[in-house]
Each structure stands twice: as structure tokens, then as C-alpha cells.
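Next come the chains, spelled out residue by residue.
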Amino acid sequence: MKQHYFHCGRYRFPLDRGPRPLVMGILNITPDSFSDGGSFHSLDLALSHAEQMIADGVDIIDIGGESTRPGSPPLALEEELRRLMPVVYALRDCGKPLSIDTYKPAVMRETLAAGADMINDIFGFRSDGAIDVVRDSDCGLCIMHMQGVPQTMQEEPQYADVVQEVSDFLRQRVDVLLEAGIERPRLSIDPGFGFGKNSEHNRTLLKNIGHIARTLDLPLLAGMSRKRMIGDLTGRGIENRLAGSVGAALVAAAQGAAIVRVHDVAATVDALRVWQAGMS
Ligand code: PT1
């Protein structure tokens, strides 16, 4: 039976509202470079960033403490919690669902207990104990595909058929999560752009996100904002990828993506509003 909503903790998003995907705004909590003890400065920055995203029309706020860009080293659990918890407490009643970008079950448990609505796991809930944590809540889930681990994933990504392999992986993870008793309306899937994929893999996936979403019959989240793949297509450095990223969000929308994960909320929401007006 066709799924009509995405269930995400305290929130429930209808999925049949025409072509416009939900906009997930990226809130990176970076270490505080201005002070070494208290982290008031970075908390303050994070909260004003969130406030701006809300004013700009964000639908979901995705909070991350650990960078998972290619080459990034893992972050200690204690430090990830130290960055995330004050932000979750401060934003829990901001009126928008809070998604936590983490693959660590202990971080999932603590942030869900503090009021988070969604867990966005680049590791696809493969960490020991991750499924048990989300099963005990009603949070939304994003199941992402990644080949390898962030530190080395871009060294030599290889696929015989990237669309098939990513789809097969996502289907397997969906089946495991359903068998564990997690309700289907809580699930979303993500091909994981840039996570163990070269530019040809990324381009092939970009052309096929509609196909992946239809074969898995689940809401699809696309995260391409400012990534290397946008640089590959435009020849632009990280600071000049806004237009390319907005273009990518529209391509995702055109193929029926349910959620786009972006840095530039205002520009993306504007583009999607125009898109929606022309498509509906
Ligand atoms: C993503 C994603 C994410 N991306 C989800 N979560 C990042 N669900 C973090 C590059 O090639 O796409 N989906 N959480 C950020 N990771 C990357 C990866 C950033 C690759 C940059 C690149 O430039």
C-alpha cells in the first residue's frame, strides 16, 4: 500500500503534496575556535544559524557534531555529545523537527531522550545496538548508503552497477529494520552522494534517484549540497557551489525526492517554490 506520510517523532509529513520536497537544513556544530573551555560561542552561533534557517523556511533541522566529509577522522563519543546536547536542548521546542546526523548508538540514545525527532545515519543503522535504540522510540530514520568509511572511502570506490548495488543495500537495510519492528512510515532512504563514489558513480546515481525511490517505494533524501560532485560538474571550488547545489536540488525534486539536505536554505526554498508553482 502506498505510504502517505513520513513519521518523524513529534511530526508527521504528508508525502503527497505535489512536487516540492521537504528542505532539511544542515546545522554543523563545529568546535569552538574562540575559547577552549566553555563552548558558549559555538552554541550561540549554532542557535542563530538555526533561527535563520527557520526564518528561511526550513522543514527539518539536521544537527551534526562529527564531520563525515571524505578524509575526516572519527570523533570521540564524549566530544560529539558535548557539541550536540546543548544544541538539542536549546532547539527542542523551536517548532521544527530535529534530526541528528550520527552513526553512534549512544549519541542516538542521548539525543532522542533529549527530544530529537529523527536519526540520520550515514552508516545505515549497521552499528552494534543502533537498531535497538531507534526501536525504542518513534523517531524518523534516514538510512544512507556508504561504501567504506569516511576516512578512506574516496580512495578507490568500485561498483559493477552502482544503482543496483546501492538499491540492493538499501533494500536489505529496510528489510532488517522492518523485521526489527520499526514501522515503515518512519523510514527514508538516501543513496549517499559522495560516500565512496567517484564522479561517474555520483552522476549515475543522480540520474537514477527517481528509479531508486520508486523501486524501494520509500521517501528518498538527497544530499548533494556543496559537495565535490557539484565541483566536478561546474568546475567551482567549495565557496562557489550555491547555484550548482540549487540546481541539484531541483533535479532531485524533478525525480520525486521527498527531502533535500542543503546548506543554503533560503536559496533552495525559493527555487523549490518557483518549481512547485510551475509544476502543480
Ligand atoms: C548525506 C550526507 C549526510 N552528507 C545524509 N547525511 C554529509 N543522510 C553528511 C564531497 O564529496 O548526503 N546524506 N551527512 C556530508 N558528507 C560529505 C560527503 C560531504 C562527500 C562532502 C562530500 O565533497
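The structure under discussion appears in the preceding block.
Calculation notes
Residues numbered from 1 in each chain as written. Predicted model: local features only at pLDDT ≥ 70, side-chain atom pairs only at ≥ 80, totals over all residues. Heavy atoms only, no water. Core = buried A, V, L, I, M, F, W, Y, C linked by side-chain atoms within 4.5 Å. Buried < 20%, exposed > 50% of the residue type's maximum accessible area, 1.4 Å probe, protein only. Helix = DSSP H or I, 4+ residues; strand = E, 2+ residues; numbered from the N terminus. Axes fitted to C-alpha atoms, helices over the stretch in contact; angles between N-to-C directions. Parallel < 35°, antiparallel > 145°, perpendicular 65-115°, else oblique. Left-handed = near helix turned anticlockwise from the far one by under 90°. Contact = heavy atoms within 4.5 Å. Nonpolar A, V, L, I, M, F, W, Y, C, P; charged D, E, K, R; others polar. 1 Å grid on protein atoms, 1.4 Å probe; cavity = no way out; pocket = protein on both sides within 12 Å on 5 of 7 lines; lining within 4 Å. Points joined across faces, edges and corners; volume = space filled by probe spheres on them. Near = heavy atom within 4 Å. Polar contact = N/O pair within 3.5 Å; in protein donor to acceptor, adjacent residues only side chain to side chain. Phe/Tyr/Trp six-rings, centres within 6.5 Å; stacked < 30°, edge-to-face > 60°. Lys NZ or Arg CZ within 6 Å of the ring centre and 35° of its normal. Salt bridge = Lys/Arg side-chain N within 4 Å of Asp/Glu carboxyl O.

**Some thoughts on the nonpolar core**
- By size, the foremost hydrophobic cluster in this structure holds 66 residues, and its most contacted members are Leu27, Ile63, Phe125 and Met224.
- Considering each element in turn, this core owes the most residues, 7 residues, to helix 5 (residues 162–179).
- Of all hydrophobic cores here, the second largest spans 11 residues; its members include Ile60, Met118, Leu221 and Ala258.

**Focus on the packing of helix 8 (residues 242–254) against helix 9 (residues 265–279)**
- Close contact between helix 8 and helix 9 brings their axes to 10 Å; oriented N to C, the two are set at 40°. The orientation of helix 8 relative to helix 9 falls into the category oblique. The crossing of helix 8 and helix 9 is right-handed. In this structure, helix 8 contributes Leu242, Val246, Ala249, Leu250, Ala253 and Ala254 to the contact, and helix 9 contributes Ala267, Thr268, Ala271, Leu272 and Trp275.
- When the residues that make up the contact of helix 8 with helix 9 are grouped by side-chain class, the tally is 10 nonpolar, 1 polar and no charged.

**Description of unusual backbone geometry**
- Of note, Asp217 is a non-glycine position whose phi angle comes to about 55°, a positive value.
- Within the secondary structure layout, Asp217 lies in the loop between helix 6 (199–216) and strand 9 (221–223).
- Relative accessible area serves as the criterion here: at 30%, Asp217 is assigned to the partly exposed category.
- Phi is positive for Arg226, close to 60°, though the residue is something other than glycine.
- Assignment of secondary structure puts Arg226 in the loop between strand 9 and helix 7 (228–234).

**Description of the layout of surface pockets**
- In this structure, the largest pocket spans a volume of roughly 770 Å³.
- Taken together, 41 residues line the largest pocket, and the ones lying closest to its centre are Ser67, Thr68, Arg69, Pro70 and Lys227.
- Mapped onto the lining of the largest pocket, the elements with two or more residues apiece are strand 3 (22–28), helix 6 and helix 7.
- Broken down by element, the lining of the largest pocket gets its largest block of residues, 3 residues, from helix 7.
- Across the lining of the largest pocket, the residue classes tally to 13 nonpolar, 16 polar and 12 charged.

**Re the site of the ligand**
- Around the ligand, the structure places 16 residues, and the nearest of them are Asp101, Asn120, Asp190, Lys227 and Arg228.
- The contact in question runs from an oxygen atom of the ligand to an N or O atom on the backbone of Gly223, over 3.3 Å.
- Contact between the ligand and Lys227: an oxygen atom at 2.6 Å from a side-chain N or O atom of the residue.
- Secondary structure elements with two or more residues in the shell around the ligand: strand 7 (140–144) and strand 9.

**What about the packing of aromatic side chains?**
- Taken as a whole and judged by the stated rule, the model has 1 aromatic pair.
- On the basis of an interplanar angle of 55° and a centroid distance of 6.5 Å, the ring pair of Tyr103 and Phe123 is categorised as tilted. Here the residue Tyr103 occupies a position in the loop between strand 5 (98–101) and helix 3 (105–113), and Phe123 occupies one in the loop between strand 6 (118–121) and helix 4 (130–135), the gap between them amounting to 20 residues.
- Its relative accessible area of 23% is what places Phe123 among the partly exposed residues.
- Here the basic side chain of Arg126 rests over the ring of Phe123, its NZ or CZ set 4.1 Å away from the ring centre.

**Topic: the pattern of salt bridges**
- Evaluated as defined, the whole model comprises 13 salt bridges.
- The shortest N-O distance in the salt bridge between Asp117 and Arg10 comes to 2.8 Å. Highlighted residues: Asp117 in the loop between helix 3 and strand 6 and Arg10 in the loop between strand 1 (5–8) and strand 2 (11–14), separated in sequence by 107 residues.
- With relative accessibility at 1%, the residue Asp117 sits in the buried group.

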